[in-house]
Structures are given as C-alpha cells and as structure tokens.
Amino acid sequence: MSYPYFFISPDDIDGQTIVLSGEEFDHLVKVLRAGPESKVSLSDNFSFRYEAKILDIKKEHATLSITGKRRIEKKIPDITLFQCILKKAAMEVLIQKACEIGADAVIPVISNRIVPDPKKAEAKISRWQKIARQACMQSKRDFITPVSGPVMIEDVYPSGYSRFYMPYEGSSTGLFLDFNKKPESIALITGPEGGFEKREADMLRDKGACMVSLGNNILRAETASIYMLSVINYFFKDENG
C-alpha cells in the first residue's frame, strides 16, 4: 500500500519521534485529512527513509512515531541535466519530468539563443526548486533533486563528468552506452528553443562533450532532455529509484 510521502530534515527527528510542520503538515492534515494512527513515509534527504504513524495533531504540527527505517544512499551513475533555459511552461514541465525520471541535479544554463530574459532567471529558482521537491515527493525518490542557480554556457565543463552528452543536429553519432561498466557520473546538455550556436557547440565539443544524434526527427528541447534521461535511467539506474 502507498502512504503519503514527505521530505523532512534530520533536525525534525528526536529519538523515535518525528515532528512534521510547515507545508508538509498542512498537506497531510488539511489536504489529505490524515488523523491519528494514519501511516506516513518520509525521507530525511540524507541517510534514512522512515515509516511512521501519527501520534498526535496540534494546530501547527503533528507528532509521528517511527515504526521502521532503512538506510538510503545515492547510487551511480550520478546524472546531471544542464538545461538551457526554456519558456516558463516548458521549463517547469521539464524540471518536473526530469526529477520523476531520475535526474540527480538540474542546472539551468544561459546560452545566447534562450528566449526568456536571463536577468529574470534568478527570480525563478525558488519556483523551480519547489517543483523539483514536489516531483521527487510524488515519485517517492529517496533524495530531492537540487535545482541550482543558472550558469553561463561558457562555465559548463564537460571534463568534470565520466560522460557528457550533447544532442546536436549536426551530429551523425548515435547515443552509445557501454553496458559493461557503469560510469560514476553522466551529464547532458540540451539547447534552448533556438538551438545552440555553432560556436557554443564547438566550444563544448572542444571541452570534451560528446555530440550525439537523436535520429532524423527534430525534437523540442524538453523532449530531447526527457528522451535522453529516460534512456540513461533505464539502462543504468532504473533499479535504484
């Protein structure tokens, strides 16, 4: 049976009890109408995942009793999505789906052809982080996928990852995955609605990015990201959740 699932801080745990407050408390009590003895699953986003039941409900918090726990740890490969910033709706849907599929980090990228005003990107970070948290909660992931502040495309360094893929229209190389050995880390970058400028693609290739083709069809930026994340997660990480 599936129970309500939330992320908490290790500071919310005191011995065999957990105090749930804030938005999580509101959702549990006011939206889900949970009461005493209701069962809840929780992750501390650090070391453990807990099973608990509600002991008591106050005006602004609930006290839960821990009935079980298991250790959690991040698995390899670590998957990072560098996403050139898209229009509002597309970017929000992409972040949601990337977290559900298995991205371990999302890094918005400012490239030359992005449509949104890059100066407004910082104001959107908290919104993107909330979407990521909710998506990880909905899909019951062990850890929250962080969404960082935006970086300039010139500051993306493919050499920092075991493998770094870049879907690019000018490439004839298919996506190759070596199933005999799991890489420690995989990153991918997809362009904005307007695509990469040639100089940007050349720069990333020279830094170590592997240009790949996703076939004859021209995909939307968000579709390309979802497609690649799905393939990578299926072959390397699906069993990890």
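A brief report on the enclosed structure follows.

## Notes on the state of the cysteines
Reasoning step 1: Evaluated as defined, the whole model comprises zero disulfides.
Reasoning step 2: Here Cys136 is not cross-linked by a disulfide; its sulfur's nearest cysteine counterpart is in Cys99, at 4.3 Å.
Reasoning step 3: The thiol of Cys210 is unpaired, and the distance to the nearest cysteine sulfur, on Cys84, comes to 17 Å.
Reasoning step 4: We classify Cys210 as partly exposed; its relative accessible area is 33%.

## Observations concerning the nonpolar core
Reasoning step 1: The biggest cluster of nonpolar side chains holds 68 residues, and the ones touching the most others in it are Leu42, Leu64, Ile95, Ile189 and Leu204.
Reasoning step 2: When neighbours within four sequence positions are excluded, Ile95 is seen to be in contact with Val106, Trp128, Ile131, Ala132 and Val147.

## Looking at the pattern of salt bridges
Reasoning step 1: Within this structure, the stated rule accounts for 15 salt bridges.
Reasoning step 2: Put simply, Glu24 and Arg133 hold a salt bridge, and the shortest N to O gap is 2.9 Å. Of this pair, Glu24 sits in helix α1 (residues 22-31) while Arg133 sits in helix α3 (residues 121-138), and the two are 109 residues apart along the sequence.
Reasoning step 3: Three or more residues are tied together by salt bridges with common partners; here these are Glu154, Glu197, Arg199 and Glu200.

## Brief notes about the sheet that holds strand β2 (residues 13-14)
Reasoning step 1: With mixed pairing, six strands are arranged side by side in an open sheet as β1-β4-β5-β6-β3-β2. Looking along the sheet, the strands with just one partner apiece sit at the ends: β1 (5-7) and β2.
Reasoning step 2: In terms of strand pairing, β2 meets strand β3 (residues 17-21) through two bridges, oriented antiparallel. Note that in β3 the partner of Asp14 across the bridge is Thr17.
Reasoning step 3: Across the face of the sheet, α1 comes into contact with β1, β3, β4 (39-43), β5 (48-57) and β6 (61-71) while running at roughly 90° to β3.

## Details of the side chain of Glu92
Reasoning step 1: Summarising the element assignment, Glu92 is placed in helix α2 (residues 88-101).
Reasoning step 2: Glu92 gets classed as buried once you look at its relative accessible area, which sits at 14%.

The rules we used
- Residues numbered from 1 in each chain as written.
- Predicted model: local features only at pLDDT ≥ 70, side-chain atom pairs only at ≥ 80, totals over all residues.
- Heavy atoms only, no water.
- Disulfide = S-S within 2.5 Å.
- Buried < 20%, exposed > 50% of the residue type's maximum accessible area, 1.4 Å probe, protein only.
- Core = buried A, V, L, I, M, F, W, Y, C linked by side-chain atoms within 4.5 Å.
- Contact = heavy atoms within 4.5 Å.
- Salt bridge = Lys/Arg side-chain N within 4 Å of Asp/Glu carboxyl O.
- Helix = DSSP H or I, 4+ residues; strand = E, 2+ residues; numbered from the N terminus.
- Pairing = 2+ DSSP bridges.
- Axes fitted to C-alpha atoms, helices over the stretch in contact; angles between N-to-C directions.

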